[in-house]
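Notes for the structure review
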Amino acid sequence: MPPLRSTRDSGLAALACTECRKQHLKCDASKPSCSRCSQSGLLCQYLPSRRGGRRKPRHDSISQYQTPTRRNEISSPASTLQPSSSRPTNAQDDSSQRSSHPDFGSISWPASLPQNGVGQNGLGHECSVGDFDDRFLRLFYENFHVAHPILVPFSLYKERNYPQFLQLVVNLVGSHYAPSSSSLQLKDKVDAELRSNPDRSPCMVQAWLIYSIALYARGEQEKAQEAFSHGTEIAFELGMNRWEFASTSQSDISIEAESIRRTWWELYITDIFMAVQLKNITFRCSGITPEVGLPCEDSVYAAGCDVPGPRRMLDFKRRVFAEEETVFSSFSYRIEAATILCRVLVLNRLRDYHRDHLQAIENALVSWVNHLPPKKLDIVDSYGNVDEMMFQAHLTIAYAAMLLHLPRSDLQPLLSQPDDHFWPSATCHLSSTFTRLVHSIKATEASRRISDSISVCPNIQKHSPFVIPALALCGMIQLATSISHSEECFDHHCNRVTLILGCLKSTKRTWNSAEPAYHYLRSSAADILSDSIERWNAGPLEKITPSQSAPNDMERTVQGAPAVTTIAEGQSLLAPELAPAFIDPTCYNASFFNCLAEFDIN
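Residues numbered from 1 in each chain as written. Predicted model: local features only at pLDDT ≥ 70, side-chain atom pairs only at ≥ 80, totals over all residues. Heavy atoms only, no water.

1. Notes on the overall build of the chain
- When helices and strands are counted, the chain shows 22 helices and zero strands.
- Within the chain, buried positions represent 49% of all 602 residues.
- Within the chain, contacts between residues at least 6 apart in sequence are counted, and of these 70% link residues at least 24 apart.
- A total of about 29600 Å² of accessible surface is found on the chain, and carbon and sulfur atoms cover 52% of it. (Helix = DSSP H or I, 4+ residues; strand = E, 2+ residues; numbered from the N terminus. Buried < 20%, exposed > 50% of the residue type's maximum accessible area, 1.4 Å probe, protein only. Contact = heavy atoms within 4.5 Å. Areas by Shrake-Rupley, 256 points an atom, 1.4 Å probe, with all protein chains shown as cover.)

Structure representation (structure tokens):
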């Protein structure tokens, strides 16, 4: 392509890339990248000329998300701990500074996939990411932030003016929830920005932490571990694990101090969940004395006002001996649930242990539930609002119970595969006070609690990606139990597997890590349940044994309806007008192994 002629007046090329136009700099219009963008490592894009043609209005689906973007608002490392009201707002003029912190709006992003081919980058017609900035931000807060609430509330996000690298991470995560967007281009930008930026502030810790969880959810386990290591290294360097850190620059009751405390505890919990699938466990955060103050309730934090003074972990542990019941934040119970999960992971890696060690963890699992205040037993309030922190806490306890009991049960050989990283493993020494049958019952009961919780809150997008392995293991245990149990309760287990499969199928559209879990569970279910489904479909009524009906019962029977039947010993009689074929026999009656009450629907 011949070089473009420069204009007489300005000396600029007739065609300039979007990055040079934005910064009002000279552009040599080289293809595929101009020399300035090549030198700065920026993405070089050219918009088609509109000369000689009538301007066309932009599509409504794009324009509805257009908002003015902030230009060159970059927080220095020293300002990240300061309240937003005390930070300087003067824009930085130096062009080299702009190059090292490029404007978010300079990256091209597709509004939707084209119908008649693609553009030169394979992304279709071009559109600035800045146009979607608010959209991705909203999706981040509506989904990811609900499960990992460490940044300031949504109402304070713009005012907080986070550094550019953290805003990039937020938009990367938010882009995963957009139905027709590709996050690969933005991910490369985030990775390059985080690795090249020398910032050593809590904001950088938050950026690496959120990025590591996103990488984990994308199925990039090694990169997730590496990113998490970067975040923890800076956190320890700053002393974020100490009580006084959050209050050095601001009051204990400020939103910023609460955000820092939440960041540390999110590091603590993430450290444990990322270790579940590792053969060699090296805990970075959970192996030290917990000094950081406990987070407050999410509802208080989301209000954006002053938060209560932080409470200590020691006070939380002493609550079981207090004369009057003390209620702590849901985040606090989530932290304790993750700690118990950590103890299970350590025990499963030990080559030798006493059976009292196992019993101690089992006692902790049961005690955690028994010591919950009444208001923390439910995960949904009367308005239908889900307490996400308590949802995660309950699910973590059930997950820990599955990981503890499954390797010691007689379900272990039924589905075990050497290359399966969802099925837990343990050392050969399995000293226990329980028989394998009891371990099997406890593992099955824990999987039932997970499926029950998911049925109440099935929108997996608003849950943490860390629930994916728990869902996969829940479905596998239900499969294994369906093999060991009689066919009378086959539908009971099949329905739970179907529920989990649907959740994983929905989740894999957002996070790639759900893809292998869905594939493994689906293929296993197809092999194991196909024959049973065929037999069950051939004659479901044969599985129902009619009971002897009294004369008065027969008189009340609707004409043409079957007689009253008893499905299993100990269950109530069916209503006459209900056909037995529509009622699934339960697996067993109220379990002695479950200390959680059933949902009250009266």
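What follows continues from the structure just given.
2. A closer look at unusual backbone geometry
- Of note in this structure, A29 is not a glycine but carries a positive phi near 60°.
- The residue N161 is not glycine, and still its phi comes out positive at about 50°.
- The topology assignment puts N161 in the loop between α6 (157-160) and α7 (164-175).

3. What about the pattern of salt bridges?
- Overall, the coordinates contain 23 salt bridges when judged by the stated rule.
- For the salt bridge of K158 with D134, the shortest nitrogen-to-oxygen distance reads 3.1 Å. One end of the pair, K158, is in helix α6; the other, D134, is in helix α5 (residues 133-147), and 24 residues separate them in sequence.
- Overall, K158 belongs to the partly exposed group, its relative accessible area being 38%.
- Note on D134: relative accessible area 22%, which makes it partly exposed.
- Among the salt bridges present, the one from R261 reaches E258, with a minimum N-O distance of 2.9 Å. Taken together, the residues span about one helical turn, with R261 and E258 both in helix α11 (residues 255-274) at a distance of three residues. (Salt bridge = Lys/Arg side-chain N within 4 Å of Asp/Glu carboxyl O.)

4. Section: the packing of helix α15 (residues 355-370) against helix α16 (residues 388-405)
- Running from amino to carboxyl end, α15 crosses α16 at an angle of 155°, the nearest separation of the two axes being 11 Å. Classed by the angle they form, the pair α15 and α16 counts as roughly antiparallel. Crossing geometry of α15 relative to α16 is assigned as left-handed. From α15, L358, I361, E362, L365 and W368 reach across to α16, where they touch M390, A393, H394, I397, A400, A401, L404 and H405.
- For the contact of α15 with α16, a count of residues per class yields 10 nonpolar, two polar and one charged. (Axes fitted to C-alpha atoms, helices over the stretch in contact; angles between N-to-C directions. Parallel < 35°, antiparallel > 145°, perpendicular 65-115°, else oblique. Left-handed = near helix turned anticlockwise from the far one by under 90°. Nonpolar A, V, L, I, M, F, W, Y, C, P; charged D, E, K, R; others polar.)

5. Describing the packing of aromatic side chains
- Counted by the stated rule, this structure contains 13 aromatic pairs.
- Measuring from centroid to centroid gives 5.8 Å for Y141 and Y157, while their planes differ by 75°, and the two rings are edge-to-face. Note that Y141 is positioned in helix α5 and Y157 in helix α6, a separation of 16 residues in sequence. Residues Y141 and Y157 agree in their burial class; the two are buried.
- Relative to Y211, the ring of W208 lies with its centre 6.2 Å away and its plane at 50°, an arrangement referred to as tilted. Taken together, the residues span about one helical turn, with W208 and Y211 both in helix α9 (residues 202-217) at a distance of three residues. For the pair W208 and Y211, one class covers both residues: buried.
- Here the aromatic residues F140, Y141, F144, F154, Y157 and Y162 are joined through ring pairs into a cluster of three or more.
- Over the ring of F316 we find R319; its NZ or CZ atom is 4.0 Å from the centre of that ring. (Phe/Tyr/Trp six-rings, centres within 6.5 Å; stacked < 30°, edge-to-face > 60°. Lys NZ or Arg CZ within 6 Å of the ring centre and 35° of its normal.)

6. Concerning the packing of helix α19 (residues 467-484) against helix α20 (residues 490-507)
- As a packed pair, α19 and α20 sit with axes 9 Å apart at the nearest point and diverge in direction by 155°. It follows that α19 is roughly antiparallel to α20 by the angle criterion. Crossing angle aside, the handedness with which α19 passes α20 is left-handed. Here α19 contributes I468, L471, A472, C474, G475, Q478, L479, T481 and S482 to the contact with α20, which in turn contributes H493, R496, V497, I500, C503, L504 and T507.
- Along the lines of polarity and charge, the residues of the contact of α19 with α20 split into nine nonpolar, six polar and one charged.

7. A look at the environment of F136
- Relative to the assigned elements, F136 resides in helix α5.
- Sequence separation between F136 and V170 is 34 residues; the distance between their C-alpha atoms is 7.7 Å.

8. Considerations on the environment of F273
- Residue placement: F273 occurs in helix α11.
- For F273, a relative accessible area of 9% puts it in the buried group.
- Taking the C-alpha atoms as reference points, F273 and F466, separated by 193 residues in sequence, lie 6.7 Å from one another.
- Once residues lying within four places of it in the same chain are set aside, the contact partners of F273 are Y216, L341, T396, Y399 and F466.

9. Re helix α8 (residues 184-196)
- Taking 1.5 Å of rise per residue, the 13 residues of α8 would be expected to cover 18 Å, and the 19 Å separating its terminal C-alpha atoms lies within 8% of that figure.
- For α8, the full list of buried residues reads Q185, L186, K187, K189, V190, E193 and L194. (Expected span 1.5 Å × (residues − 1).)

10. Quick word on α19
- The terminal C-alpha atoms of α19, which comprises 18 residues, lie 26 Å apart, in line with the 26 Å expected from a rise of 1.5 Å per residue.
- Within α19, 16 of the 18 residues are buried, leaving the element largely enclosed by the surrounding structure.

11. With respect to the side chain of S524
- Along the chain, the position of S524 falls in helix α21 (residues 514-538).
- Here the side chain of S524 touches Y520 through a polar contact of 2.9 Å, landing on its backbone oxygen. (Polar contact = N/O pair within 3.5 Å; in protein donor to acceptor, adjacent residues only side chain to side chain.)

12. What to know about the environment of Q206
- Note on placement: Q206 falls in helix α9.
- As a C-alpha pair, Q206 and L166 span 40 residues in sequence and 7.5 Å in three-dimensional space.
- For Q206, the contacting residues outside a window of four places in its chain are I150, L151, Y162, L166, S259 and T263.

13. What to know about the confidence of the model for the chain
- Averaged over every residue, the pLDDT of the chain is 74; residues scoring 70 or more account for 65%.
- Least confident of the elements in the chain is helix α3 (residues 60-63), whose mean pLDDT is 35; most confident is α9, at 96.
- The low-confidence segment residues 50-131, where pLDDT is below 50, has 135 contacts with residues more than four positions distant or belonging to other chains.
- Scored below 50 in pLDDT, residues 540-584 makes 44 contacts in the model with residues more than four places away or belonging to other chains. (pLDDT = per-residue confidence, 0-100.)

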